[in-house]
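Summary of the model geometry
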Amino acid sequence: MRDVRPVQTRGPVLTVRRVDSYHALSVVAPGIAERFRPGQFVTVAVGGERSSMVTARPLHVHDVKSDYGGTVEFVFEATGPGLTWLAERRPRDLLDVVGPLGRPFPLPRDAVNCVLVGGGYGSAPLFSLAHTLRRRGCRVDFVLGAADAGRVFGTLTARRVAETATFTTGDGSLGVRGRVTDVLPQVIVDSRADVLYACGPMPMLRDCTAIAMKYEIPAQVAVEESMACGTGVCMTCVLPVIGDDGVTRMARACTDGPVFRGERIRFDDVGTIPYDALGAPGWKPGPDAAGTARGA
Amino acid sequence: MSTAIGRLELPNPIMTASGCAASGRELARFFDVSKAGAIVTKSVLLRPHAGRPTPRMAETPSGLLNAIGLQGPGVDVFLQRDLPWLLSRGARAVVSIAGGGDEEYAELAIRLSEAPGVGAIEINLSVPNVASRGGRDFACDARAAAAVVNAVRSRARYDVPVLAKLSPDVTDIVAVAHACADAGADGLTMINTPRGMAIDTTTLRPVPAGGPGGLSGPAVRPIAVDCVFRVHEALPELPIVGVGGVTSGLDALELVLAGARAVQVGTAIFADPSAPLRILRELEEALDGHGIDRLSDAVGLAHRPPGTVGVMRLGESRRRVDFDDRH
């Protein structure tokens, strides 16, 4: 059986490039590249030796390649001191990387039609997914959106890989003025979509899930929660998710996710502890709530 | 590098800190958990606990504020799933416990004593005391802390050491340490996270959500060193487990020199999941560099009076040189 455990590695930076509003950085990390599956993420330690920044930074993996034994490229926006430090790395600088982490996107068994929706740099993890789906004979249609043209990530790749690629921007500087959810119903109909994959901000995932449920297709969504560790120990990245047993648990985005079935996430309760979540204040153990079953 | 905390004998002094290693399984993907001195579990409660709303953390200079709210599945799942797994991997399990009152702590002590393989119990006292006015933490009140220690010590199996984990947020930590020792604690873990708060200047709201969090990371290390130093001075025979912002072997050595017989690694694990074994290696090298073979020779070494010659165990070939200032 193939080894799916994440690895911790120190590797040299290979390339750093600016992609419109974002940065894409590739690092030599053979163990990670070889284990990676679309939807998984990596964390990077920032600030160097004796850094004053103590938490790991979770990053979307854009691509893995087999050159130099295996490289991983991740995409981020240089907001805050940690990611600004990361954006300032130069080739041959060493980076401490951990990955691949989290549950990947589940893949359909058959060659079905897939709509992939990305918001901002949340589209980054969708391209490796698109390639995997295409290899399995699936039809892929992209819907990418952001506030402005510079923040829509991967338009060229989307056009190349997908049957159709639809773009939306808040200011109308690229494609349709509006949100991805404004055009999504039409894309679902036109492409005869069987499944929806999405990654981006929580409100976008909520609206995409609602649309998928309306068209009665499954939604696999990857959440972008803030994390301190990414490995499942710190418990900071939790969100309320309904398990197979119908019980809501505060699930970890890093190890139970980041990919969840959209309809299982209680989007309106994100940021709270729902009163009926397992172990919420006042919660009483019911006959079925053994607490052993895993969320989602 | 072996050490002992009461009856708990450890092959080396480096443990994980409670709340930073879950129950070991996640970290076992990065290092062999049996190679650490012990794995200290996230605090176990009697019942499942959903924890606090998000955001639960904020990064601060050289530190991390967290308010997780003790999320966990409860003692039943712990005994059924997590403890057997830890033991099957050959790890030594120190189980952290938390409750709302003496009875809950006592019941946890009983449940854990019934299960074979618990190496020690660490009492998390930085938990609001339901019975107190305003829900003050047990750790902030020597009498309340002692009552919990007594409840746990009297119910836990005689051969399972009981450690009390103290908070630095007190006027006199030595008084709390004395109270816990008198109540039967076999050792002390110091320090739990001091309270802190950050305010998000974008949302204009406190982070973590809803108010204060516990501060961890290198920012608190001097506080930990001071607490360990003062309590070791007052209670030199009582085993102390030092914890607070340890990121390197030299950081661990600081706590040992202050008086700790073992050292826990917490926040460092977040950015470096295999940190415990790296820190162990670095500590071994640091002791070696000072010519110290046994950890016990370094414990509390910083307490020697000023003017004592640098290295404790001088080689036979070296002679002590005294200088006369009055010439």
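**Digging into the overall build of chain A**
- For chain A, the count of helices and strands is six helices and 15 strands.
- A globule of 296 residues ought to have a C-alpha radius of gyration of about 19 Å, and chain A, at 19 Å, matches this closely.
- C-alpha extents for chain A along the principal axes are approximately 55 × 45 × 40 Å.
- Residue burial in chain A is summarised as follows: out of 296 residues, 58% are buried.

**Here's the deal with the sheet that holds strand 16 (residues 262-265) of chain B**
All names here are of chain B.
- One open sheet holds the eight strands; their spatial order is 3-16-15-10-9-8-7-4, and the pairing between them is parallel. Every interior strand has two partners, whereas the edge strands, strand 3 (14-16) and strand 4 (39-40), have only one.
- Pairing geometry for strand 4 and strand 7 (residues 93-97), over two bridges, is parallel. Bridge assignment links Ile39 to a residue of strand 7, and that residue is Ala93.
- Against the sheet, helix 6 (residues 249-258) touches strand 3, strand 15 (240-243) and strand 16, its axis set at about 140 degrees to strand 16.
- Together, strand 3 and strand 16 form the strand contacts of helix 8 (residues 275-289), whose direction differs from that of strand 3 by roughly 160 degrees.

**A look at unusual backbone geometry**
- Residue Pro55 of chain B is bonded to the preceding Thr54 of chain B through a cis peptide linkage, with omega at 0 degrees.
- Cis rather than trans, the peptide bond between Val207 of chain B and Pro208 of chain B has omega equal to -5 degrees.
- The backbone of Arg92 of chain A sits at a positive phi, close to 85 degrees, despite the residue not being glycine.
- Following the sequence through the fold, Arg92 of chain A ends up in the loop between helix 2 (80-87) and strand 6 (94-101).
- Arg92 of chain A gets classed as exposed once you look at its relative accessible area, which sits at 72%.
- In this model, Ser62 of chain B sits at a positive phi of 50 degrees, which is unusual for a non-glycine residue.
- Relative to the helices and strands, Ser62 of chain B resides in the loop between strand 5 (57-60) and strand 6 (63-66).

**Here we look at the side chain of Gln264 of chain B**
All names here are of chain B.
- Mapped onto the elements, Gln264 comes out in strand 16.
- Of note is the side chain of Gln264, whose polar atom sits 2.9 Å from the side chain of Glu122.
- Apart from residues lying up to four places away in sequence, Gln264 is in contact with Met15, Thr16, Ala17, Ser18, Val40, Glu122, Lys165, Thr189, Val241, Gly242, Val243 and Val246.

**What to know about the interface of chain A and chain B**
- Facing the 39 residues of chain A at the interface are 41 residues of chain B.
- Among the residues of chain A in contact with chain B, Gln8, Val54 and Val233 of chain A are the three that bury the most area, contributing 21% of the side total.
- Close ionic contact of Glu26 of chain B with Arg252 of chain A constitutes a salt bridge, the shortest N to O distance being 2.9 Å.
- Linking chain A to chain B there are 13 residue pairs in polar contact (both at pLDDT 80 or more).
- Looking at the side of chain A that touches chain B, the elements that each hand over two or more residues are strand 1 (7-19), strand 6 and strand 14 (248-252) of chain A.
- Residue composition of the side of chain A that touches chain B, by class: 21 nonpolar, 13 polar and five charged.

Rules and cut-offs
Residues numbered from 1 in each chain as written. Chains lettered and ligands numbered in written order. Predicted model: local features only at pLDDT ≥ 70, side-chain atom pairs only at ≥ 80, totals over all residues. Heavy atoms only, no water. Helix = DSSP H or I, 4+ residues; strand = E, 2+ residues; numbered from the N terminus. Rg over C-alpha atoms; globule rule 2.2 N^0.38 Å. Buried < 20%, exposed > 50% of the residue type's maximum accessible area, 1.4 Å probe, protein only. Pairing = 2+ DSSP bridges. Contact = heavy atoms within 4.5 Å. Axes fitted to C-alpha atoms, helices over the stretch in contact; angles between N-to-C directions. Polar contact = N/O pair within 3.5 Å; in protein donor to acceptor, adjacent residues only side chain to side chain. Buried area = accessible area lost by both parts, 1.4 Å probe. Salt bridge = Lys/Arg side-chain N within 4 Å of Asp/Glu carboxyl O. Nonpolar A, V, L, I, M, F, W, Y, C, P; charged D, E, K, R; others polar.

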